[in-house]
Amino acid sequence: MEIRHLRYFLAVADAGHMTRAAERLGIQQPPLSLQIKSLEKELGVTLFHRHPKGVSLSDAGRLFELEARRLVDDMAAMRQRMARVARGELGVLNVGFTSSAAAHSFTPEALRACRRAWPGIALSIREDHAAGITEAVEAGRLHCGLIRVPVSQPDSLTFETLLREPVLVALPGDHRLVSARRALKLADLQGDGFILVRQPGAPGLYANLLSLCEAQGFRPRIAAEVERMVTSLNLVAAGAGIAVVPASMQGLHPHAVVYLPLADGTPLDAPLTLVYRAADAVGPAAHFLNIARETARKFRPRAPRRRAT
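How each quantity is defined
- Residues numbered from 1 in each chain as written.
- Predicted model: local features only at pLDDT ≥ 70, side-chain atom pairs only at ≥ 80, totals over all residues.
- Heavy atoms only, no water.
- Patch = residues over 30% accessible without salt bridge, like charges linked within 9 Å, V, L, I, M, F, W, Y side chains within 5 Å.
- Areas by Shrake-Rupley, 256 points an atom, 1.4 Å probe, with all protein chains shown as cover.
- Salt bridge = Lys/Arg side-chain N within 4 Å of Asp/Glu carboxyl O.
- Helix = DSSP H or I, 4+ residues; strand = E, 2+ residues; numbered from the N terminus.
- Buried < 20%, exposed > 50% of the residue type's maximum accessible area, 1.4 Å probe, protein only.
- Contact = heavy atoms within 4.5 Å.
- Pairing = 2+ DSSP bridges.
- Core = buried A, V, L, I, M, F, W, Y, C linked by side-chain atoms within 4.5 Å.
- Axes fitted to C-alpha atoms, helices over the stretch in contact; angles between N-to-C directions.
- Parallel < 35°, antiparallel > 145°, perpendicular 65-115°, else oblique.
- Nonpolar A, V, L, I, M, F, W, Y, C, P; charged D, E, K, R; others polar.
- Phe/Tyr/Trp six-rings, centres within 6.5 Å; stacked < 30°, edge-to-face > 60°.
- Arc of directions from axis to C-beta.
- Polar contact = N/O pair within 3.5 Å; in protein donor to acceptor, adjacent residues only side chain to side chain.

A. Representation of a nonpolar patch on the surface in the model. A cluster of nonpolar side chains, M1, L43 and V45, forms an exposed patch at the surface whose accessible area comes to about 230 Å². Of note, M1 is situated in the segment before α1 (3-15).

B. Here's a closer look at the pattern of salt bridges. Tallying each qualifying case throughout the model produces 19 salt bridges. Note that E109 and R112 form a salt bridge whose closest N and O atoms lie 3.0 Å from each other. Taken as a pair, E109 and R112 lie in helix α6 (residues 106-117) at a separation of 3 residues, close to a single helical turn. Assessed through its relative accessible area of 18%, E109 is described here as buried. Overall, R112 belongs to the partly exposed group, its relative accessible area being 43%. Linking D280 and R277 is a salt bridge whose minimum nitrogen-to-oxygen distance equals 2.3 Å. When its relative accessible area of 34% is taken as the criterion, D280 is described as partly exposed.

C. Quick look at the environment of G120. Here G120 lies in the loop between α6 and β4 (121-127). On the basis of relative accessible area, G120 is assigned to the partly exposed category, the value being 24%. Spatially, the C-alpha atoms of G120 and E65 are 32 Å apart, while their sequence positions differ by 55 residues. Apart from residues no more than four positions distant in its own chain, G120 is found in contact with E89, L90 and G91.

D. Seen up close, the pairing of strand β2 (residues 54-57). Both strand β1 (residues 48-51) and β2 contribute to a ladder of 4 bridges, which runs antiparallel. Bridge pairing in β2 links F48 to L57. Joining the antiparallel neighbours β1 and β2 is a turn of 2 residues.

E. Representation of the nonpolar core. In this structure, L171, L189, L209 and L268 are the most contacted members of the largest nonpolar core, which totals 38 residues. Mapped by element, the contributors of at least two residues to this core are β6 (158-172), β7 (193-197), α8 (203-215), α9 (229-237), β9 (243-246) and β10 (257-261). Ignoring sequence-local partners within four residues, the contact set of L189 consists of V169, R176, L177, L184, F194 and I242. Core analysis: the next-biggest nonpolar cluster, separate from the first, contains 24 residues, A110, I121, L162 and A296 among them.

F. Just the packing of helix α2 (residues 18-25) against helix α3 (residues 29-43), in detail. It is the contact of α2 with α3, at a shortest axis distance of 9 Å, that shows an interaxial angle of 105°. Considered as vectors, α2 and α3 are oriented roughly perpendicular to each other. Two secondary-structure elements touch here, α2 through M18, T19, A21, A22 and L25 and α3 through Q29, L32, S33 and I36. Split by residue class, the contact of α2 with α3 holds 6 nonpolar, 3 polar and no charged.

G. The packing of aromatic side chains, seen in detail. Tallying each qualifying case throughout the model produces 3 aromatic pairs. Judged by centre distance (4.9 Å) and plane angle (70°), the rings of F9 and F64 are edge-to-face. With F9 in helix α1 and F64 in helix α4 (residues 59-86), this pair connects stretches of sequence that are 55 residues apart. The exposure classification of F9 matches that of F64, with both residues buried. Here the aromatic rings of F106 and F299 are separated by 6.1 Å at their centres, their planes lie at 75°, and the arrangement is edge-to-face. Here the residue F106 occupies a position in helix α6, and F299 occupies one in helix α10 (residues 283-299), the gap between them amounting to 193 residues. An aromatic cluster is built from F9, F48 and F64, whose rings are joined through pairwise contacts.

H. Representation of α2 within the structure. Buried within α2 are the following residues: M18, A21 and A22. Considered in projection along α2, the buried side chains sweep an arc of 100° and stay on one side of the axis. Of the exposed residues in α2, the ones pointing more than 90 degrees away from its buried face are E23 and R24. If you follow the buried residues of α2, they end up packed against α1, α3, β1 and β2. Phi for G26, located one or two positions after α2, is positive at around 80°.

I. The side chain of H104, seen in detail. Within the secondary structure, H104 is located in the loop between α5 (99-103) and α6. Within the structure, H104 has its side chain in polar contact with the backbone nitrogen of F106 (distance 2.9 Å). In contact with H104, not counting residues within four places along its chain, are R148, L163, E165, S248, L272 and F299.

Shown next as structure tokens:
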């Protein structure tokens, strides 16, 4: 028995006549009659009573009609679902992000926008450090990820910078520099204990920081190494040292941590980077990439308008 046999049966049941049903189906009447007889033989029941003016359903036929309609409807619904999957309207999207990427208001806004635009896409969220997210995307366990500075850049992956933001120096509330309330030079931090995210979690930002300090004539003293940027701020709040973090993280521990900017001209910032496999940027992944780009545009500063002369 095939789905077409069910459609033939339902066409005859609806028309009450073999010839009219054959016309609706676009086939000849004799082959249709043979298909119905073959179906009855397979089921071992009589589905139709034949009479001069057409056919009518038997008791067994009426029961079979209920099952046949359910199966045909289910098949149609399944095809519609698969069509939506093919268009990327249904499915699961696995997204990873670092704790510092999650702290930027861009990230929840992009996730909300995806849920609004594509309610049929189930979002599966994972937090990890940059190295773990990059590895998971490369291995296919994640469709895409939001990180800061790439740890490594495999050829199979695309790294797209969505936004850039300044970094701030996070100081314990009783730090000697807090009262100054001014932009800090890296040389001001000489002698302080730095709390850094452990490699390979985020070597890019902190490798740049260490290089800049060395260019200023000192090598930072490492007070602690942690796996998450949030943890570094927890330690700053406890007075264990200082940290350099993206500006979007300054809401953490507002009563225990003071955030001060670096002096103008310090070549250090924090990007927000989207990592994905270009070959797999289809369906739900493609939709999320587009939404991420659209959302990022809202967060970028607008260029000042020129005055007419």
